[in-house]
Amino acid sequence: MKQIVLGTAGHIDHGKTALVKALTGIDCDRLKEEKERGITIDIGFAHLEFPSGVKVGIVDVPGHERFVSNMLAGSHGVDMALLVVAADEGVMPQTREHMDIITLLGVKRGIIALTKIDLVDEEWLELVKEEVEDYLKGTFLEASRLIPVSVVSGQGMEELRGAIDSLAQEVEARSASGLFRLPIDRVFTIKGFGTVVTGTLISGQLKLGDEVEVLPDAIHTKVRGLQVHNQSVSYASAGLRTAVNLLGIDRTTLERGHLLAHPGLFTPTRRLEVYLNHLASSARPLKRRSTVRFYLGTREVMAQVVPLEVEEIAPGQEAYAQLWLQAPAVASRGDRFVLRSYSPVVTIGGGVVLDPQVERKRRRGAERRAELEVLSQGDRERVVEVLAHRSQQAGISLKGLAGRSGLSAQVLADAVEALAGQSRLVNLDRDRWVHVDLFNSLGEELVTVLKGFHRAFPLKPGMPKEELRGKLGGRGDNRLLTRIIDELAKKGEVCLEKDNIRLTGHDLTLGKEDEELRERFKSIFQEAGLAPPLVAELTERVKVARVKVQDILNLLVSDGTLVRVKDNLFFDARTIAYLKERLLGFFQGHEEITPGQYKEITGQSRKFTVPLMEYFDRVHFTLRVGDKRRLR
């Protein structure tokens, strides 16, 4: 069946709950205090099924100004509105505030029910009709049906049911292919079953046995049971009032305002970029760092407003802004939110989330403006490209991009594939992408860093990869750096030799002094044989700075003249080859060699034999067994 959620709206004591009961037979006032006081304090739920194949879940919200926060918790995820106005009172303060809220939340369709018509005469009824119609001019309800009803006499009730059925058939159903999200509005315990949470499933689908995550606290659990309208089901789809029995989780860890989602898709945030509508009825402008109450889904947190292009947002003005939250919330692009003033607590605005994960600094200019316009009204490919660009060199995973963009997995995959085909995104691995502009700019910076390195250290054959990453400010993980180096190597711009990277055109052209020093080192190590000087001893002998000594030694290692046995111990390569031949000859007649036999072959003390034994182990020529060695 097609699933649609209808939300009531209207002033206190205008008959919302009585109307829902007359429509469905369900009393939404479930709390003892509600029964005693005769008013709705918290949100209530009911449902209707029509022969047309439409099932309508009804969210009944409180009308008292003290409980508007509860009304907001129930209104998120509503597809159509039932605005209730009592004929004996007409339009009242909460009529106006509720109307502001459902408009800010993006509700586009609805019906007006003029209740309690049994309490007024025809003349008065006509006057109230005119008042309501005048008030609704210019709103999304301007052309909606206005139906006078009485729950006492039953007048107009069948007409209202028919109007709800007809409108529900016109409303587009929510997609089950989206990312699963259920804002929690109630938490309770059922004996023998454990913790149960309820909410309106605003997108996607949930199945029995699914792994889920409670956000923003990142609590992982599993779906033990599912109910829709008090009936056990194996799955629930978008547009349904859903009760979820969670496995192994204490109810005290959960509360209204938490969000249920599949793991790894959404990242809690304290900073959002939004398009903000400041209501004309607001008493004062929203200046930089103005404190407001922020409502998203069922969550309420304090926030500060930071306009992006103006110093302040005047009443009646729309503008781009950032919201800095005092506690984390979970949002996705396209989510609707409402703002209420800190004091007095009244609704002052709302809007739509453009990017739920943004940097703190306040950037301006044409580039930022262009990005915001794309996020506000651009096509899917351009939205994905902007979000990838904003992720910088860290790149973005498809999962992270899904939660941030609000796009379904298939739509997102198609957009990413199209962008990759246009060479706008670069794939780092199976599930991570980086924008081509950032990829190229980091590549250009890498070449610049190598040029500076070669100027500063002309005798070094290349720059260690980790040092290079540090010089780039640590931006990009090893996958990104490896991919950039591979691309530059394919173009012939850099060479990768072991863990060192150099520019292809970098030649080790030594000056006369350095060339003479290299030749002197060659002679020293050839003459020393199996008893070469340590680096410190060599430095003292030649009276040259240690850094220069180390550079020349590294050059001799890179051209194969010397072999590095330890950081401070080098041998002539021909000497090592000679020793290796002698060891091979020894192993022709012996299965193992002892340290003492090593000393006999080399004619040297432990100062040299132990490092040589460890070197041959390290290059897999020999295998250590206890204190002895065997030929591998």
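Before reading further, recall that the structure is shown in the block above.
Below is a short write-up of the structure.

The rules behind the values
- Position numbers for residues count from 1 along each chain, tracking the sequence in the order it is written.
- With pLDDT at 70 or above as the cut-off, local features in this predicted model cover only qualifying residues; side-chain atom pairs require 80 or more to be listed or tallied, and sums for whole chains, interfaces and linings still use all residues.
- Water and hydrogen atoms play no part in the side-chain values, which are based on all heavy atoms of the structure.
- A run of H or I in DSSP counts as a helix once it spans at least four residues, and a run of E counts as a strand once it spans at least two, with each numbered from the N terminus.
- For the radius of gyration, the atom set is restricted to C-alpha positions; the globular benchmark scales as 2.2 Å times the number of residues to the power 0.38.
- Buried residues are those whose accessible area, probed at 1.4 Å on protein chains only, stays under 20% of the maximum for their type, while exposed residues exceed 50% and partly exposed ones sit between those limits.
- Residue burial considers only the protein chains on display, and all accessible areas are found by Shrake-Rupley using a 1.4 Å probe.
- In this charge count, Lys and Arg are treated as positive and Asp and Glu as negative; neither His nor the chain ends contribute.
- Charge coordinates come from a single atom per side chain, which is NZ of Lys, CZ of Arg, CG of Asp or CD of Glu.
- At least two DSSP bridges between two strands are needed for those strands to be called paired.
- In what follows, residue pairs with any heavy atoms lying within 4.5 Å of each other are defined as contacts.
- Lines fitted to the C-alpha atoms define the axes, with helices restricted to the stretch that makes contact. Angles between their N-to-C directions range from 0 to 180 degrees.
- Salt bridge, as used here, is a side-chain nitrogen of Lys or Arg placed within 4 Å of a carboxyl oxygen of Asp or Glu.
- Each pair of aromatic rings taken from Phe, Tyr and Trp, with Trp reduced to its six-membered ring, is defined by centres within 6.5 Å and is described as stacked if the planes are under 30 degrees apart, edge-to-face if over 60, and tilted in the remaining cases.
- Any helix carries an expected span of 1.5 Å times its number of residues minus one.
- Relevant arc is that of directions from the helix axis to the C-beta atoms, nothing else.
- Buried Ala, Val, Leu, Ile, Met, Phe, Trp, Tyr and Cys residues that are joined via side-chain atoms within 4.5 Å together make up what is termed a nonpolar core.

Helix and strand counts for the chain stand at 19 helices and 35 strands. Relative to the 2.2 N^0.38 estimate, which gives 26 Å for 632 residues, the radius of gyration of the chain is 37 Å and therefore markedly larger than a compact globule would have. The principal-axis extent of the C-alpha atoms belonging to the chain is close to 120 × 55 × 45 Å. Relative to its full complement of 632 residues, the chain shows a buried share of 51%. Of the roughly 28,800 Å² of accessible surface on the chain, a fraction of 48% belongs to carbon and sulfur atoms. Averaging the positions of the 88 positive and the 87 negative side-chain charges in the chain gives two centres separated by 7 Å.

We now examine the sheet that holds strand 28 (residues 463-464). Pairing within the open sheet is antiparallel, and its 3 strands lie in the order 28-30-29. For this open sheet the edge positions go to strand 28 and strand 29 (494-497), each flanked by a neighbour on one side alone. Relative to strand 30 (residues 500-503), strand 29 runs antiparallel, the two sharing 4 bridges. Opposite Leu496, over in strand 30, you have Ile501 as the bridge partner. Strand contacts of helix 11 (residues 436-456): strand 28, strand 29 and strand 30, with the helix running at about 90° to strand 30, the strand carrying the most contacts.

Turning our attention to the pattern of salt bridges. This model, assessed by the stated rule, comprises 33 salt bridges. Salt-bridge contacts for Arg293 lead to Glu300; the nearest nitrogen and oxygen are separated by 3.9 Å. Look at Glu300 and you get partly exposed, because its relative accessible area is 39%. Arg424 is the salt-bridge partner of Asp437, the closest N and O atoms lying 3.6 Å from each other. Pair noted here: Asp437 is in helix 11 and Arg424 is in the loop between helix 10 (409-421) and strand 26 (425-429), with a separation of 13 residues, a long-range link. A relative accessible area of 36% means that Asp437 is categorised as partly exposed. Here the residues in one salt-bridge network are Glu273, Asp355, Arg368, Glu371, Arg390 and Arg404, joined through shared partners.

Moving on, we come to the packing of aromatic side chains. Counted by the stated rule, this structure contains 6 aromatic pairs. On the basis of an interplanar angle of 65° and a centroid distance of 5.3 Å, the ring pair of Tyr615 and Phe616 is categorised as edge-to-face. We classify Phe616 as buried; its relative accessible area is 1%. Between Phe616 and Phe621 the ring centres are 5.3 Å apart and the planes differ by 55°, which places this aromatic pair in the tilted class. Each of the two residues, Phe616 as well as Phe621, counts as buried. Linked through ring pairs, Tyr615, Phe616 and Phe621 together constitute an aromatic cluster.

Here we come to helix 13 (residues 478-490). Here helix 13 is 13 residues long and its end C-alpha atoms lie 18 Å apart, about the 18 Å a rise of 1.5 Å per residue gives. Here helix 13 has its buried residues at Leu480, Leu481, Ile484, Ile485 and Leu488. Viewed end-on, helix 13 has its buried residues packed into an arc of 130°, placing them on one side of the element. As for helix 13, its buried residues are in contact with strand 26, strand 27 (432-435), helix 11, helix 12 (465-471), strand 29 and strand 30. Trailing helix 13 by a residue or two, Gly492 shows a phi angle of about 80°, which is positive.

Another point: the sheet that holds strand 25 (residues 396-397). As summarised here, the arrangement of the 3 strands in space is 25-27-26, forming an open sheet in which the pairing is antiparallel. A strand with exactly one partner marks an edge of an open sheet, and here the two such strands are strand 25 and strand 26. Here strand 26 pairs with strand 27 via 4 bridges, running antiparallel. Residue pairing in the sheet places Asn427 in a bridge with Trp433 of strand 27.

Ranked by internal contacts, the top residues of the largest apolar core, which has 29 residues, are Phe266, Val384, Leu401, Leu412 and Val416. At the level of elements, strand 16 (259-261), strand 24 (347-355), helix 7 (366-377), helix 8 (380-390), helix 9 (398-405) and helix 10 are the ones that each hand at least two residues to this core. Ranked by residue count, the leading element in this core is helix 8, at 5 residues. Excluding residues that lie within four positions of it along the chain, Phe266 makes contacts with Leu179, Phe180, Arg181, Leu215, Ala261, Val330, Ala331, Ser332 and Gly403.

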